[in-house]
Amino acid sequence: HDHAVPARPPLGVSHKDNFDPKRKEAKVFAHFEVTDCLENSDAIYNVYTPRGAEMPFHSSLQVGLVGGLAATKREILVASHNSKYVSRDLFKGDTFEFSAMIGMNDNDFPVLELPDHSDLELYSNDTLGYFTGIYTSPVGVLDTYVYPGLASPTIRRPAHYYGGRWNFFDPDSYFTVGALMYSGNEFLYDEARRVLEKNAYYIKKDGQLPHHLLQDQNFPVPAVKPNYNAISGAEQPGPNIFWTLSCFRYAEITDDRKWILDMMPILETSLQFLLDMIDKDTGLVYARGPLFIDVFIREGYTSDTNAGMVFFLEKFAEVYDALDMKVKAAKLRSIYTRMSESMLEMLWDKKSNDHFITSVDRNGTVVDMVDYDANLIAVAAGIVDDVKGRAILDRIDSGPCSRSRASFVSEHYYGPYYTHGSVIGDSNVTMARVGYFDAIARYRGHEEEIFDNVILDPIQGDLLEYTWLTERYNCEGKRTRSWGFWEYPAFVTMLLRELRYGINMKLGSVSIKPISDNVVPFKLAAGKFFMVALSRDVAVLRLDVGSARNVSIGRLTPDASYEVVAEKVPKLFREVRHGVKMSQSAKCTVSAAKVTADGEGGVEFRAVLTPDCEVTLRKV
């Protein structure tokens, strides 16, 4: 990519291939010579060279051999899947060698990320959708090669839509981080962490986090500055909520308790910013703006922000529990319990008895647009009982645009009067963020048919057909707005993992419970280590980080007994991680040699796992 510099130095390349058609791989040895440099002699490129010979790359990001930052200004260490890379100055006439393992395939992701990648034709649309959802857009928006820690709103070509803006967490980058953390790729885990830490740097004293980051034109080198309000000018609580949830996701996947504890002062400052919005008399947030649709005017006691807060505070309480901060967890539970009760008392529409209103202010002025986003979050957060939840979903399903794509924003049109600056672009569209909570609501109610046929499968079909998707869909289900937006591709990956296959990792625990019995049997694997396979008779689990976790598995045979075995996998033991070979003495144990499924086919046990450890449950 040509970006931030007039041109790249032309590289003369010669290579030889050692290609094995059966494995569909080629080891390429390339010799490069710099034949020209920039006219500006002060601009010195960085070149990343492996410490060891023939070290394979495992990320499409790492094919950029020549960086864009001056080596004299900044030294960069790039963490790869299994080694460290160092930088050195590059001048005209210099030569260097580079080798990489290239997987030959016609899919839109690195084939080496797949286990058994020589049998690509055996992979289902779910597997193809899972990795396409990660690599075509969420990886493609990372600006690492120029701006470490920044993610663009759309893929880099090298220009992007919403130019000069990065790291939106309202909740856009929540999806970017989610997809990266489901890749099974340590390099991408590190990229997700950089994005999170970049925004954390700009937290204000009162706890407000940036809505997004802007290019700072006051510096001669690439630099950014924070912007705390949305492009529309609205003040949103969404960035604090979804940035924090993204931090939790990073810690839950990596089980990096030191990192989350180091971040806790910032996380709690962010939390306090949100808690300070709560009106003590009602227990509800009195919002100054919308949760995550920035152009909509939503102020007062709003259903979207309060439902989002209940969802968020429950997650924060779970993290407190996992870190043995029980008092703090109990305090948050009391706050969101009262908030749920106040929502039902003040915001539930008692006339129709099938939805929450948009808002009511302190003067009693009511606004009711029948917001699908707010009501779906309320169902996803468990604020309503089954009767009210069913009424909400029936109301939404009867809407004129509810079958376009996942998922429409509201029943009534937000015209110029109800939008900031009369910007109505989001008033007649679907949003992946709304679809995400729609999917969670259907998962809670075991509504597999709507989850499959209305929410996930149409978007996954578009992803596999078009590769890059647009920002929104209209009421007719046609793609619209910015091209190459990351939200819908990441949405596919996240729904497959979290809901269709029901694989969810938390600090100290992992649960596997697909949306229905029809999903079983299945197998999902990512990277070198992570793998989950589930049938009625057998379950196999591997994690890509070493940790002790409570394991919960569902959809097994009800009331059946299972033998539980934990053992080392030799081919995984031989892998090198972070340049250190794993110890043969590392623990790989389970708390019980035999477990019995309950009446719904669920089992629970505790396991101490390393990345080279495989736990197998087999019906006896």
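Definitions and limits used
- Residues numbered from 1 in each chain as written.
- Predicted model: local features only at pLDDT ≥ 70, side-chain atom pairs only at ≥ 80, totals over all residues.
- Heavy atoms only, no water.
- Pairing = 2+ DSSP bridges.
- Helix = DSSP H or I, 4+ residues; strand = E, 2+ residues; numbered from the N terminus.
- Phe/Tyr/Trp six-rings, centres within 6.5 Å; stacked < 30°, edge-to-face > 60°.
- Buried < 20%, exposed > 50% of the residue type's maximum accessible area, 1.4 Å probe, protein only.
- Disulfide = S-S within 2.5 Å.
- Patch = residues over 30% accessible without salt bridge, like charges linked within 9 Å, V, L, I, M, F, W, Y side chains within 5 Å.
- Areas by Shrake-Rupley, 256 points an atom, 1.4 Å probe, with all protein chains shown as cover.
- Salt bridge = Lys/Arg side-chain N within 4 Å of Asp/Glu carboxyl O.
- Lys, Arg positive; Asp, Glu negative; His and termini not counted.
- Charge placed at Lys NZ, Arg CZ, Asp CG, Glu CD.
- Core = buried A, V, L, I, M, F, W, Y, C linked by side-chain atoms within 4.5 Å.
- Contact = heavy atoms within 4.5 Å.
- Expected span 1.5 Å × (residues − 1).
- pLDDT = per-residue confidence, 0-100.
- Axes fitted to C-alpha atoms, helices over the stretch in contact; angles between N-to-C directions.
- Parallel < 35°, antiparallel > 145°, perpendicular 65-115°, else oblique.
- Left-handed = near helix turned anticlockwise from the far one by under 90°.

This paragraph deals with the sheet that holds strand β17 (residues 509–512). Pairing in this open sheet of five strands is mixed, and the strands run β16-β17-β21-β27-β25 from one edge to the other. A strand with exactly one partner marks an edge of an open sheet, and here the two such strands are β16 (503–506) and β25 (589–590). Alignment of strand β21 (residues 547–553) against strand β27 (residues 603–609), held across seven bridges, turns out to be antiparallel. Residue Ser547 lies in a different strand from β27, and its bridge partner there is Leu609.

Turning our attention to the packing of aromatic side chains. Each aromatic ring pair is specified by the distance between its two centres and by the angle formed by the two planes. Evaluated as defined, the whole model comprises 27 aromatic pairs. A centroid spacing of 5.6 Å and a plane angle of 80° characterise the contact between Phe175 and Tyr436, whose relative ring orientation is edge-to-face. Linking Phe175 in helix α2 (residues 172–181) with Tyr436 in helix α10 (residues 432–444), this pair joins segments that are 261 residues apart in sequence. The exposure class assigned to Phe175 is buried, which follows from its relative accessible area of 1%.

Next up on the list: the state of the cysteines. Evaluation of the coordinates by the stated rule reveals two disulfides. The disulfide bridge from Cys401 ends at Cys475, spanning 1.8 Å between sulfur atoms. As the torsion about the S-S bond is roughly -90°, the Cys401-Cys475 disulfide counts as left-handed. Taken together, the residues span a long stretch of sequence, with Cys401 in the loop between α9 (386–397) and α10 and Cys475 in the loop between β14 (470–473) and β15 (479–483) at a distance of 74 residues. Note on Cys475: relative accessible area 21%, which makes it partly exposed.

This next bit is on a negative patch on the surface. Where like charges cluster on the molecular surface, the negative patch consists of Asp559, Asp598, Glu600 and Glu604. A residue is classified by how much of its surface remains accessible, and Asp598, at 40% relative accessible area, is partly exposed.

What follows deals with the nonpolar core. In this structure, Met309, Leu313, Phe437, Phe491, Ile553, Phe605 and Leu617 are the most contacted members of the largest nonpolar core, which totals 157 residues. Of the residues forming this core, the biggest block, ten residues, is contributed by helix α6 (residues 303–322). Those residues within four positions of Phe491 in sequence are excluded, and the remaining contacts are Phe175, Ala406, Ala432, Gly435, Tyr436, Ile455 and Ile459. In this structure, Val146, Tyr147, Leu150 and Val224 belong to the second largest nonpolar core, which totals eight residues.

A rise of 1.5 Å per residue sets the reference length of helix α4 (residues 238–254), with its 17 residues, at 24 Å; its end C-alpha atoms lie 24 Å apart and thus fit the reference within 8%. For α4, the buried fraction is high: 17 of the 17 residues fall into the buried class. Just past α4, the residue Asp255 takes up positive phi, approximately 55°.

Residues of the protein chain with pLDDT of at least 70 account for 77%, and the chain-wide mean is 82. The low-confidence segment residues 1–88 (pLDDT under 50) makes 224 contacts with residues lying over four places distant or belonging to another chain. Note on residues 117–122: pLDDT is under 50 here. Beyond four places in sequence and across chains, it has twelve contacts.

This brings us to the pairing of β16. The alternating pattern of β16 places Ile503 and Met505 on a buried face, while none of Asn504 and Lys506, on the opposite face, is buried. Of the pairings in the sheet, the one linking β16 to β17 comprises four bridges and is antiparallel in character. Considered in β17, the bridge of Ile503 is made with Ile512.

This part covers α2. Among the ten residues in α2, ten count as buried, and that is most of the element. All of the buried residues along α2 are Asp172, Ser173, Tyr174, Phe175, Thr176, Val177, Gly178, Ala179, Leu180 and Met181. Looking at the buried residues of α2, the elements they touch are α1 (125–135), α3 (186–200), α4, α10 and α12 (487–500).

Below, the discussion takes up the pairing of β14. Each regular strand displays side chains that alternate between the two surfaces of the sheet. As judged from the three bridges shared by β14 and β15, these two strands associate in the antiparallel manner. Bridge pairing in β15 places Tyr473 opposite Arg479. A loop of five residues connects β14 with β15, the two strands running antiparallel in sequence, and Gly477 in this loop sits at a positive phi of about 80°.

Another aspect to go through is the sheet that holds strand β9 (residues 224–227). What the three strands build is an open sheet, ordered β7-β8-β9; its pairing is antiparallel. At either margin of the open sheet sits one strand with a lone partner, and together these are β7 (165–166) and β9. Here β7 runs beside strand β8 (residues 212–215); their pairing, made up of two bridges, is antiparallel. What sits directly across from Trp166, in β8, is Leu213.

Next up on the list: the packing of α6 against helix α7 (residues 326–346). Interhelical geometry of α6 versus α7 gives an angle of 160° and a closest axis separation of 9 Å. One element, α6, and the other, α7, form an angle in the roughly antiparallel class. The element α6 and its partner α7 pack so that their crossing is left-handed. Residue-level contacts link Ser303, Asn306, Ala307, Met309, Val310, Leu313, Glu314, Phe316, Ala317, Glu318, Tyr320 and Asp321 of α6 to Lys326, Lys328, Ala329, Leu332, Arg333, Ile335, Tyr336, Met339, Ser340 and Met343 of α7.

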